[in-house]
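So you can see what is in the structure, the chains are spelled out below.
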Amino acid sequence: MTRGNDPTNPAGPNTQLVRAGYDPFDYHGFINPPKVHASTVLFPDAQTMDRNGQKYTYATRGTPTTDALCDAINELEGAAGTMLVPSGLAAVTTALLAYLSRGDHALIVDSVYGNVRQFCDTMLSRFGVDVEYYDPSIGRDIEALFRANTKLVHTEAPGSNTFEMQDIPAIVEVAHRHDAIVTMDNTWATPLFFRPLDAGVDVSIQASTKYPAGHADVLMGTISANAKHWPTLKRANGALGFCGTPDDAYQVLRGLRTMGVRLERHQASSLAVAKWLEGRNDVVRVLYPALESFPGHALWRRDFKGAGGVFSFVLAAGRGEDFKLKAERFLDGLSLFGLGYSWGGYQSLALRVDLSDRRIAQVPTEGPVIRLQIGLEDVEDLIADLERAFAISSTV
């Protein structure tokens, strides 16, 4: 996509989001694509049916509605192909199943989304895949963990809940020298703030449930691959039978149109709240890559164009104080922040982070870790809500 007719001047991100994936004049000028509901697709004759000689053959393999979203994601990711699956978790697990076999060794970042760890420790191990977790800060030193049977490295930057940054280009360089595939969960940044495939990652994964949909009412995941690894992903997903519904694809495509302006608001508000938290005596530290005080800030600044609206902070606790009780008092003192898991929508959220599953990465020990999703409310109101919660949590 270009600005005007000048191919040397590419369109800006918001222009791209408004236009990507669908030409209104393919459907009589209607600005949004139609929602095609179908399972059965008819063929004009037996010969066409026998050779699958038409674009659409069965709804699990795509419809005009789901193709419109896939085309948009391909453009945003710079991908050869994209698959839609029913959730962000399904996007990660489908990718792992596509490229791993019995006897393979997989390296999984220790700050990985907790439900992915559960999948690795149960399903993948049951299928005979040897899973090893690595420190998110390892960078080029990951080479020491490679074996002859290492087939895949899964990355997530920043990491779930504690937001460790990874040196993705360094990990990619090592992995590719060992002929291993690199997958990345890029939900926090979206392709607007970081394009994994441009950094050499082979498969980029998003929970479209979050920022692409943007309204806390859709479950969907996308898996986008480069040209080398797209055919394997396409075959695996066809065998598994996962697909996104036309209604959800329509909702995500509609959400994409405003994702850029929403992310700008999420980022600006998050930075304001994070800086305010840094100045409080009842906060040990704030875990947000966009802050200069964050250990991974230099990596974030080098590789990313922006920051998502989710971060954590360590709530100060007195000596011998019960961390769980302290966190519960704080959370129960909130009124604007909802207590919920699935971020990316318009409302601010909060929860206490459980880091008991970590095996390698160091976790904060000074107090409970609270994760915030900063929504679209006015910053002054959010800060006032947090102020009240701090006051309540400080009382016994």
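This text follows the structure it describes.
Below you will find a few notes about this structure. (Residues numbered from 1 in each chain as written. Predicted model: local features only at pLDDT ≥ 70, side-chain atom pairs only at ≥ 80, totals over all residues. Heavy atoms only, no water.)

Considerations on the overall build of the protein chain
Part 1 of the reasoning: Within the protein chain one finds 12 helices and 14 strands.
Part 2 of the reasoning: Here the protein chain has a C-alpha radius of gyration of 22 Å; the compact-globule value for 396 residues is 21 Å, and the two agree.
Part 3 of the reasoning: When the 396 residues of the protein chain are sorted by exposure, 54% land in the buried category.
Part 4 of the reasoning: Contacts in the protein chain between residues at least 24 apart in sequence constitute 71% of all its contacts with a sequence separation of at least 6.
Part 5 of the reasoning: As displayed, the protein chain has an accessible area near 17,800 Å², and 51% of this comes from carbon and sulfur atoms.
Part 6 of the reasoning: Averaging the coordinates of the 37 positive side-chain charges in the protein chain and doing the same for the 46 negative ones gives two points 2 Å apart. (Helix = DSSP H or I, 4+ residues; strand = E, 2+ residues; numbered from the N terminus. Rg over C-alpha atoms; globule rule 2.2 N^0.38 Å. Buried < 20%, exposed > 50% of the residue type's maximum accessible area, 1.4 Å probe, protein only. Contact = heavy atoms within 4.5 Å. Areas by Shrake-Rupley, 256 points an atom, 1.4 Å probe, with all protein chains shown as cover. Lys, Arg positive; Asp, Glu negative; His and termini not counted. Charge placed at Lys NZ, Arg CZ, Asp CG, Glu CD.)

Focus: the pairing of strand β14 (residues 369–373)
Part 1 of the reasoning: The element β14 is extensively covered by neighbouring structure, given that 5 of its 5 residues are classed as buried.
Part 2 of the reasoning: Note: strand β11 (residues 310–315) against β14, 5 bridges, orientation antiparallel. Each residue of the ladder has a partner; that of Val310, found in β14, is Gln373.
Part 3 of the reasoning: In this sheet, β14 lies alongside strand β13 (residues 349–352) in antiparallel orientation, the contact comprising 4 bridges. Residue Leu349 lies in a different strand from β14, and its bridge partner there is Gln373. (Pairing = 2+ DSSP bridges.)

Observations concerning the nonpolar core
Part 1 of the reasoning: Core analysis: the largest hydrophobic core is formed by 112 residues, its most contacted members being Trp188, Phe313, Phe330 and Leu372.
Part 2 of the reasoning: Here this core gets 9 residues from one element, more than from any other, and that element is helix α9 (residues 246–278).
Part 3 of the reasoning: A domain split of this core shows at least three residues from each of domain 1 (13–255) and domain 2 (259–394).
Part 4 of the reasoning: Ignoring any residue separated from it by four or fewer positions in sequence, one finds Trp188 in contact with Pro158, Phe163, Tyr211, Tyr288, Pro289, Trp300, Phe304, Gly306, Ala307, Gly308, Val310 and Trp343. (Core = buried A, V, L, I, M, F, W, Y, C linked by side-chain atoms within 4.5 Å. Domains from an automatic or database assignment.)

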